[in-house]
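# Coordinate analysis (summary)
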Amino acid sequence: SNLRGEAGRPIVIEAADPGNPPIFKGSSGGLHLSDPCYVELRNLVFTGARANGINIDDGGSYDTPAHHIVLSGLRVADIGGAGNHDGIKLSGVDDFRVERCTIERWGTNGGSAIDMVGCHRGVIEGCTIRHTALFSNTGVQAKGGSSDIVVRKNTFENAGERAVNIG
């Protein structure tokens, strides 16, 4: 909770060697950041979580959203199971980027590779989103008052019933 960098001085959690990234494996969730700001995650692997791979939220306060978050070069795979489990879950996050990430095989009963609710001013770019199931899941989903979200230059392979769901 409350992991806080500053403008021009973000907190960066990254692989020392991007060619040999650390692997966060198993557990109920890969990583949960509540009410962070100016945080960057780079070149990490999250796999085998029983719920969400990465969960970033506003700590339950609309007045103080999480903000200035960068997720870059991440691999999120084999998340959840037959449930509404997301590769990356963003709730109440403003001014964010998800770039060059690979998200594959997330929950098969309503889950999304990237699920956003109440998010603003975000960019999802250069990601690969793939699944083996063709139904009951979504690639990128923006809902719950999300606005100003750009989804561009991504690759979608068997990303579910809807590769991109906006509504």
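Residues numbered from 1 in each chain as written. Predicted model: local features only at pLDDT ≥ 70, side-chain atom pairs only at ≥ 80, totals over all residues. Heavy atoms only, no water.

A separate point is a nonpolar patch on the surface. On the surface, Val151, Val164 and Ile166 cluster together into a nonpolar patch covering about 250 Å² of accessible area. Counting through the fold element by element, valine 164 comes out in strand β18 (residues 162-166). Using a relative accessible area of 36% as the deciding quantity, one classes valine 164 as partly exposed. (Patch = residues over 30% accessible without salt bridge, like charges linked within 9 Å, V, L, I, M, F, W, Y side chains within 5 Å. Areas by Shrake-Rupley, 256 points an atom, 1.4 Å probe, with all protein chains shown as cover. Salt bridge = Lys/Arg side-chain N within 4 Å of Asp/Glu carboxyl O. Helix = DSSP H or I, 4+ residues; strand = E, 2+ residues; numbered from the N terminus. Buried < 20%, exposed > 50% of the residue type's maximum accessible area, 1.4 Å probe, protein only.)

What follows is about unusual backbone geometry. Phi angles above zero are rare outside glycine, and aspartate 148 is one such case at about 55°. We classify aspartate 148 as exposed; its relative accessible area is 56%. Positive phi is not limited to glycine here, since lysine 153 has a value of about 55°. Checked against the element boundaries, lysine 153 lands in the loop between β16 (147-152) and β17 (155-157). Of the residues examined, lysine 153 reaches a relative accessible area of 71% and is grouped as exposed.

Attention now moves to the sheet that holds strand β1 (residues 11-14). With parallel pairing, six strands are arranged side by side in an open sheet as β1-β4-β7-β10-β13-β16. Because the sheet does not close on itself, it has two edges, and the strands there are β1 and β16. Averaged over all adjacent pairs, the angle separating strand axes in this sheet is 10°, with direction ignored. With five bridges connecting them, strand β10 (residues 93-99) and strand β13 (residues 120-125) associate as parallel partners. For arginine 97, the partnering residue across the bridge sits in β13 and is valine 123. (Pairing = 2+ DSSP bridges. Axes fitted to C-alpha atoms, helices over the stretch in contact; angles between N-to-C directions.)

Here we take up the sheet that holds β17. With parallel pairing, the six strands of this open sheet are ordered in space as β2-β5-β8-β11-β14-β17. Two strands bound the open sheet, and with one partner strand each, they are β2 (23-25) and β17. Direction aside, neighbouring strands of the sheet carry axes that sit 5° apart on average. Relative to strand β14 (residues 128-130), strand β11 (residues 102-104) runs parallel, the two sharing three bridges. By the bridge assignment, threonine 102 is partnered in β14 with threonine 128.

Let us now look at the pattern of salt bridges. Opposite charge on two side chains makes pairing possible when the charged atoms of those side chains draw close. Taken as a whole and assessed by the stated rule, the structure comprises 16 salt bridges. Glutamate 104 is the salt-bridge partner of arginine 75, the closest N and O atoms lying 2.9 Å from each other. Of this pair, arginine 75 sits in strand β8 (residues 75-77) while glutamate 104 sits in strand β11, and the two are 29 residues apart along the sequence. Judged by its relative accessible area of 33%, arginine 75 falls in the partly exposed class. For the salt bridge of lysine 89 with aspartate 115, the shortest nitrogen-to-oxygen distance reads 2.5 Å. With a gap of 26 residues between them, lysine 89 in strand β9 (residues 88-91) and aspartate 115 in strand β12 (residues 111-117) connect regions that are remote in the sequence. The exposure class of lysine 89 is buried, given its relative accessible area of 15%. According to the relative accessible area criterion, aspartate 115 is buried, its value standing at 2%. A single salt-bridge network, built from bridges that share partners, covers Arg75, Asp78, Glu104, Arg105, Arg130 and Glu157.

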